[in-house]
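Commentary on secondary and tertiary structure
Residues per chain are reported as follows:
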Amino acid sequence: MNTPEPLIFEKSVPNRRCFSLPACDVPESPITQLIPQKMQRSRNPNFPEVSEIDIVRHFTKLSQMNYCVDTHFYPLGSCTMKYNPKINEDAANLEGFTRLHPYQPQEQCQGILKILYDLEQMLADISGMPCFTLQPAAGAHGELTGMLIIQAYMKKQREIRNTIIVPDSAHGTNPASAALCGYRIASVQSDANGLIDVKKLKQMLSNDTAALMVTNPNTLGLFEKDILEISKIAHDAGALVYCDGANMNALLGIARPGDMGVDILHLNLHKTFSTPHGGGGPGAGPIGVSRALEVFLPIPRTVKNEDDSYALTYDFPDSIGRVRAFYGHVGIMIRAYTYLLSLGKEGIIKTGENAVLNANYLRNILSEYYEIPYGKTCMHEFVISAKKQKAQGVSALDIAKKLLDYGFHAPTIYFPLIVEEALMVEPTETESRETLDAFAGAMIEIAGAIAQAPETVRNAPQKTRIGRPDEVIAARNPKLRWKGTG
Ligand SMILES: *Cc1c(COP(=O)(O)O)cnc(C)c1O
């Protein structure tokens, strides 16, 4: 049933071809005359020699061995694996966009410039942050850009502040981005409710604090209800407030970080604003800033002239400079723009509401079978602790593996770090009640199996092509290159 698919190189048969070309009707020019000796390859490149159907079957089979949102429910917490409407792809593939050259004269690119400008305005409306750049290529890149802006701001203020405060539930990229800019990281503990401990935060804030990095809703799927007080005490200490808005789904059309005292926010277009992601492809992590920080935004910036034409401007002397080649990942921006236009204002509000409804629906069912340590209700996601199951010999990893046998992508596991044996579930708004029920059913059966026959969960998955790869070796010593047989 699950015969392993050989490598394309292993399918190679000498002289098998997937093309036929007419015979050459001009004298062949020996390659040795055209390419200097020192640049010539001495060894045969050893390309696989296969027929067209070999190639088609090979790659089609490989694609079917994978999980993707188009085929499977994908409740990977914090990653917002929502369904991506195909119309977004169609729009990004329009020739008028794909054939543009980044150095084309601006008069010829008014359409795309208008889209970039309008998208910034839409994100500003949704987030309450007045000024945006679309350049950063990912959430983590947005964080880095934000940290560089904080540094530029402090320098301009002639202040020396070396510490960034990050909650212990934060996404790992938060401290990493701050550390990349040379900041010292101070971790503020969450309280018993999974929220930032405001008292502890107050004690930690000092004239060395450059900024506080908050995530709201936080990675436990909880709304930081004291956010107004948190921003106020940070500002009172002379620090800025950075908000990780990678998971903006729950707030869409309902609440705005800009109204919560946030100075800098990043959004993940590839999560909240529907772009296929997770396969290592391009993303976009725009950041929005307050008016006071606008001058530091990366260049070029898209501006609207008095005659309603659009332009790219470099005339911002305090800018931190470029953070990305050209203008960032424009294709991702077109997808987000299409997504927002097709949803409209009402649709955006419903998106937020349904993301929260779906998560609470699942949370409520599963809380009878699994421990959910924080919160009574959640925002867009919730975190299960498989601590009790672990005592019965079954770990969060085992449960995640078992879900694969049911045809579900696993939730995020072992994150956030403050939850033991964490399973972080984010259903997203695009899933139907039937899908949520099927997933809940699988989780309930797994809970039953753990009590009756834990080894059936420990030995999962049985139905996938590959069982349990050695994850450490797969991560640390992956073999990604065919080295040939000779
Ligand atoms: C995904 C995520 C990030 C990082 O985004 P990338 O685009 O993967 O770099 C940061 N913070 C949170 C909370 C996230 O979920």
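Residues numbered from 1 in each chain as written. Predicted model: local features only at pLDDT ≥ 70, side-chain atom pairs only at ≥ 80, totals over all residues. Heavy atoms only, no water.

Worth spelling out the cut-off: UniProt positions are given in the numbering used here, feature names are shortened, and annotations may be inferred rather than shown by experiment.
Where an unreviewed UniProt entry is consulted, the protein appears under the name Probable glycine dehydrogenase (decarboxylating) subunit 2, with the organism given as Kuenenia stuttgartiensis. Per UniProt, the comment on the protein under Function (unreviewed entry) is "The glycine cleavage system catalyzes the degradation of glycine. The P protein binds the alpha-amino group of glycine through its pyridoxal phosphate cofactor; CO(2) is released and the remaining methylamine moiety is then transferred to the lipoamide cofactor of the H protein." Heading Cofactor (unreviewed entry) of the UniProt record for the protein holds this comment: "pyridoxal 5'-phosphate".

**Regarding the site of the ligand**
As a reminder of what qualifies: Neighbouring residues are identified by heavy atoms, a residue being near a molecule or strand if any of them is within 4 Å of it. Under this definition, polar contacts are N or O atom pairs within 3.5 Å; protein pairs additionally need one hydrogen-donor-capable and one acceptor-capable atom, and for neighbouring residues in sequence, both atoms have to be side-chain atoms. Accessibility throughout is a Shrake-Rupley quantity obtained with a 1.4 Å probe, and a residue counts as covered only by protein chains that appear here. Only DSSP runs of H or I reaching four residues or more are called helices, and only runs of E reaching two or more are called strands; each is numbered from the N terminus. The classification used treats Ala, Val, Leu, Ile, Met, Phe, Trp, Tyr, Cys and Pro as nonpolar, Asp, Glu, Lys and Arg as charged, and all other residues, Gly among them, as polar.
Surrounding the ligand, one finds 13 residues, the nearest of these being Ser-78, Gly-139, Asp-244, His-270 and Lys-271. Between the ligand and the protein, one listed contact pairs an oxygen atom with a side-chain N or O atom of Asn-268 at 3.1 Å. Across the complex, the protein chains shield 86% of the 380 Å² of accessible surface that the ligand would expose by itself. Within the residue set of the shell around the ligand, elements represented by two or more residues are helix H6 (139-156) and helix H10 (269-272). If one sorts the elements of the shell around the ligand by residue count, H6 sits on top with 3 residues. Here the shell around the ligand is composed, by residue class, of 3 nonpolar, 7 polar and 3 charged.

**Digging into the side chain of Asn-249**
Going by this rule: Should any heavy atoms of two residues lie within 4.5 Å, those residues are considered in contact.
On the secondary structure map, Asn-249 appears in the loop between strand E5 (240-245) and strand E6 (264-267). Here the side chain of Asn-249 touches Lys-82 through a polar contact of 2.8 Å, side chain to side chain. Beyond its immediate sequence surroundings of up to four residues, Asn-249 is in contact with Thr-80, Lys-82, Thr-272, Thr-351, Gly-352, Ala-355, His-380 and Glu-429.

**Details of the pattern of salt bridges**
Rules: Salt-bridge detection follows one rule: a side-chain nitrogen of Lys or Arg within 4 Å of a carboxyl oxygen of Asp or Glu. Categorising residues by exposure relies on relative accessible area from a 1.4 Å probe, with only protein chains included: less than 20% of the type maximum marks a residue as buried, more than 50% marks it as exposed, and the intermediate range marks it as partly exposed.
Scanning the model with the defined rule gives 21 salt bridges in all. Between Glu-49 and Arg-17 there is a salt bridge, and its shortest N-O distance comes to 2.9 Å. Separated by 32 residues along the polypeptide, Glu-49 in the loop between helix H1 (31-34) and helix H2 (52-64) and Arg-17 in the segment before H1 bring together distant segments of the chain. Overall, Glu-49 belongs to the partly exposed group, its relative accessible area being 22%. The partner of Glu-95 in a salt bridge is Arg-99, with the nearest N and O atoms 3.7 Å apart. Neither residue differs from the other here; Glu-95 and Arg-99 are each classed as exposed. Connected through salt bridges with shared partners, the residues Glu-5, Lys-11 and Lys-61 form a single ionic network.

**A closer look at helix H7 (residues 173-180)**
For clarity, the threshold we go by: Throughout, the arc means that of the directions going from the helix axis to the C-beta atoms.
Along H7, the positions that sit buried rather than exposed are Asn-174, Ser-177 and Ala-178. Buried positions in H7, seen along its axis, are confined to an arc of 95° and lie on one side of it. In this fold, the buried residues of H7 make contact with H6, strand E2 (163-167), strand E3 (184-188), strand E4 (209-215) and E5. Immediately downstream of H7, the backbone of Gly-182 shows phi near 90°, a positive value.

**With respect to the nonpolar core**
The criterion, for reference: Note on terminology: a nonpolar core comprises buried Ala, Val, Leu, Ile, Met, Phe, Trp, Tyr and Cys residues joined through side-chain atoms within 4.5 Å. Domain start and stop points were drawn from an automatic or database domain assignment.
Among the nonpolar cores identified, the biggest contains 56 residues, and Leu-119, Leu-123, Leu-201, Val-214, Leu-269, Phe-273 and Leu-340 are the most heavily contacted of them. Top element by residues in this core is helix H5 (residues 110-127). It accounts for 10 residues. When residues of this core are sorted by domain, at least three fall in each of domain 2 (86-341) and domain 3 (346-475). In contact with Leu-269, other than residues within four places in its own chain, are Leu-119, Leu-123, Ser-274, Thr-275, Ala-284, Pro-286, Ile-332, Met-333 and Ala-336. Counting 29 residues, the second-largest nonpolar core is a separate cluster that includes Ala-386, Ile-399, Val-425 and Phe-439.

**Regarding the sheet that holds E3**
Counted only if it meets this: In short, DSSP must find at least two bridges between two strands for them to pair. In this analysis, axes come from line fits to C-alpha atoms, helices being fitted only over the stretch in contact, and the angle between any two N-to-C directions falls in the range 0 to 180 degrees.
Taking strand neighbours across the sheet as the criterion, the 7 strands line up as E1-E7-E6-E5-E4-E2-E3 in an open arrangement whose pairing is mixed. Both edges of this open sheet fall to strand E1 (131-133) and E3, since each of them pairs with a single strand only. Looking at each pair of strands side by side, their axes are set apart by 25° on average, direction ignored. Where E2 and E3 come together, 5 bridges link them in parallel fashion. Paired with Ile-164 across the two strands is Ile-185, which belongs to E3. The sheet strands contacting H5 are E1 and E6, and the helix crosses E1 at an angle near 125°. Relative to the sheet, H6 contacts E2, E4, E5, E6 and strand E7 (287-289), its axis offset from that of E5 by approximately 170°.

**Overview of the sheet that holds strand E11 (residues 412-413)**
In spatial order, the strands read E10-E12-E11; together these 3 strands make up an open sheet with antiparallel pairing. Pairing within the sheet leaves two strands with one partner each, and these edge strands are strand E10 (382-385) and E11. Relative to strand E12 (residues 422-425), E10 is paired through 4 bridges, and the arrangement is antiparallel. Residue pairing in the sheet places Phe-382 in a bridge with Val-425 of E12. Packed onto the sheet, helix H11 (residues 330-366) meets E10 and E12 and runs at close to 20° relative to E10.

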